[in-house]
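Structural features, examined
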Amino acid sequence: LYRRYGLWFRLRKLIIWLLGVYIAIPFLVKLCPAIQAKLVFLNFVRVPYFIDLKRPQDQGLNHTCNYYLQPEEDVTIGVWHTVPAALWKNAQGKDQLWFEDALGSSHPVILYLHGNAGTRGGDHRVELYKVLSSLGYHVVTFDYRGWGDSIGSPSERGMTYDSLHVFDWIKARSGDNPVYIWGHSLGTGVATNLVRRLCERETPPDALILESPFTNIREEARSHPFSIYRYFPGFDWFFLDPITTSGIKFANDENVKYISCSLLILHAEDDPVVPFHLGKKLYNIAAMSQSFRDYKVQFVPFHTDLGYRHKYIYRSPELPRILQ
């Protein structure tokens, strides 16, 4: 009986301690909005670990060159440029100047904007670069300031400015070749921010591709399946308002009202990170927008049975046809 009482006493202490932590976290987040910002960006999560981003060939990208660009003073971003598979042999042993000149070859270019966590060397991202390269695209991708080996502090404004800088860098070298922008997950927020700015200055891309997009960051945080606090009293005040206070909006639903180029949305029905219904809702908003009246807007769902979830749409054998 003594042992049982001792075990119950320790278990009760543990339960009380866990309950205290559970209740304390919302107040901590409210007092320190920077915590919530870090949870949105997850830039401190660097997976896979122990890879050298200066050596994309270690990830099987033997036709990729690593660059470093400087969007602003005290900000340096790491960039990968993968040439089309048709140029694979010519690319062997070539330097950065050759890769930059290759952007002027008669191949379209995709600027890929990745989601939160990880780096430009993430496994599923690398596999997508390979697929797009095999389809004849240049793929230019980079780590936003504060991600990977890029220098600077993360912010929505900074991420958007980094993408604008890389887009302009591409356009200065690609001539009349089409340039498409592809955003995935949190990168869709960066992508619509960027394309809205490009359309406002009358230099839109040739198309925008959004993979696993949400409507805005508040709805995504509220709908996130991993949010254990979504039914907590005052959830918006504790968790969503600090995101807004940190200057984080990623308002895809508002941005699409000002975008004038073709739009393709890809979303898996079994996405456990960004719920499918948010991608569908964003499509409905875009389809009704006057800004798209002269452009094609398409939504392509992927059935649950395919198992593509949040980041495996690149596996679809239909992807070449869809992009074409």
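Residues numbered from 1 in each chain as written. Predicted model: local features only at pLDDT ≥ 70, side-chain atom pairs only at ≥ 80, totals over all residues. Heavy atoms only, no water.

A tally of regular secondary structure across the chain gives twelve helices and eight strands. In terms of C-alpha radius of gyration, the chain reaches 22 Å, essentially the compact-globule figure of 20 Å for 324 residues. Per-residue burial for the chain yields a buried fraction of 51% across its 324 residues. Partitioning the contacts of the chain with sequence separation of at least 6, the portion at a separation of at least 24 is 74%. Approximately 15700 Å² of the chain is accessible, and the part contributed by carbon and sulfur atoms is 57%. (Helix = DSSP H or I, 4+ residues; strand = E, 2+ residues; numbered from the N terminus. Rg over C-alpha atoms; globule rule 2.2 N^0.38 Å. Buried < 20%, exposed > 50% of the residue type's maximum accessible area, 1.4 Å probe, protein only. Contact = heavy atoms within 4.5 Å. Areas by Shrake-Rupley, 256 points an atom, 1.4 Å probe, with all protein chains shown as cover.)

This chain's UniProt record puts "domain: AB hydrolase-1" (unreviewed entry) on residues 108-213. Within the segment residues 108-213, helix and strand shares are 43% and 20% respectively, and the terminal C-alpha atoms sit 23 Å apart. (UniProt positions renumbered as here; feature names shortened; annotations may be inferred.)

Counted by the stated rule, this structure contains 13 aromatic pairs. Note on Y137 and Y180: the rings are 6.3 Å apart at their centroids and 75 degrees apart in plane angle, and the pair reads as edge-to-face. Of this pair, Y137 sits in the loop between helix 5 (123-134) and strand 4 (138-142) while Y180 sits in strand 5 (residues 179-184), and the two are 43 residues apart along the sequence. Overall, Y137 belongs to the buried group, its relative accessible area being 12%. Note on Y283 and F299: the rings are 5.6 Å apart at their centroids and 40 degrees apart in plane angle, and the pair reads as tilted. On the criterion of sequence distance, the pair formed by Y283 in helix 11 (residues 276-288) and F299 in strand 8 (residues 297-302) is long-range, its members being 16 residues apart. (Phe/Tyr/Trp six-rings, centres within 6.5 Å; stacked < 30°, edge-to-face > 60°.)

Positive phi values are uncommon outside glycine, yet F50 reaches one of about 65 degrees. Examined against the element boundaries, F50 turns out to sit in the loop between helix 2 (33-41) and strand 1 (64-72). Exposure remark for F50: the relative accessible area of 84% places this residue in the exposed category.

Let us now look at the pairing of strand 4. Two faces, one strand: in a regular strand the side chains alternate between the faces of the sheet. Counted residue by residue, strand 4 has five buried out of five residues, so it is predominantly covered. In strand 4, alternate side chains face the same way, and those of H138, V140 and F142 on one face and V139 and T141 on the other are all buried. Of the strand pairs in this sheet, strand 3 (residues 109-113) and strand 4 are connected by four bridges, and their pairing is parallel. When the bridges of strand 4 are listed, L111 appears paired with V140. This β-α-β element, strand 3 to helix 5 to strand 4, shows right-handed connectivity. (Pairing = 2+ DSSP bridges. Right-handed = clockwise from strand over helix to strand, strands pointing away.)

Attention now goes to the sheet that holds strand 8. Ordered in space as 1-2-4-3-5-6-7-8, the eight strands form an open sheet in which the pairing is mixed. Two strands bound the open sheet, and with one partner strand each, they are strand 1 and strand 8. Averaged over all pairs of adjacent strands, the angle between strand axes in this sheet comes to 20 degrees, irrespective of strand direction. One ladder, built from five bridges, connects strand 3 with strand 5; its direction is parallel. Bridge pairing in strand 5 links I110 to Y180. (Axes fitted to C-alpha atoms, helices over the stretch in contact; angles between N-to-C directions.)

Attention now moves to the side chain of D253. With respect to the helices, strands and loops of the structure, D253 is situated in helix 10 (residues 252-255). Nearest to the buried, unbridged D253 among oppositely charged side chains is K281, at 6.2 Å. Polar contacts involving the side chain of D253 include one to the side chain of N216, which spans 2.9 Å. For D253, the contacting residues outside a window of four places in its chain are T215, N216, L282 and I285. (Lys, Arg positive; Asp, Glu negative; His and termini not counted. Salt bridge = Lys/Arg side-chain N within 4 Å of Asp/Glu carboxyl O. Polar contact = N/O pair within 3.5 Å; in protein donor to acceptor, adjacent residues only side chain to side chain.)

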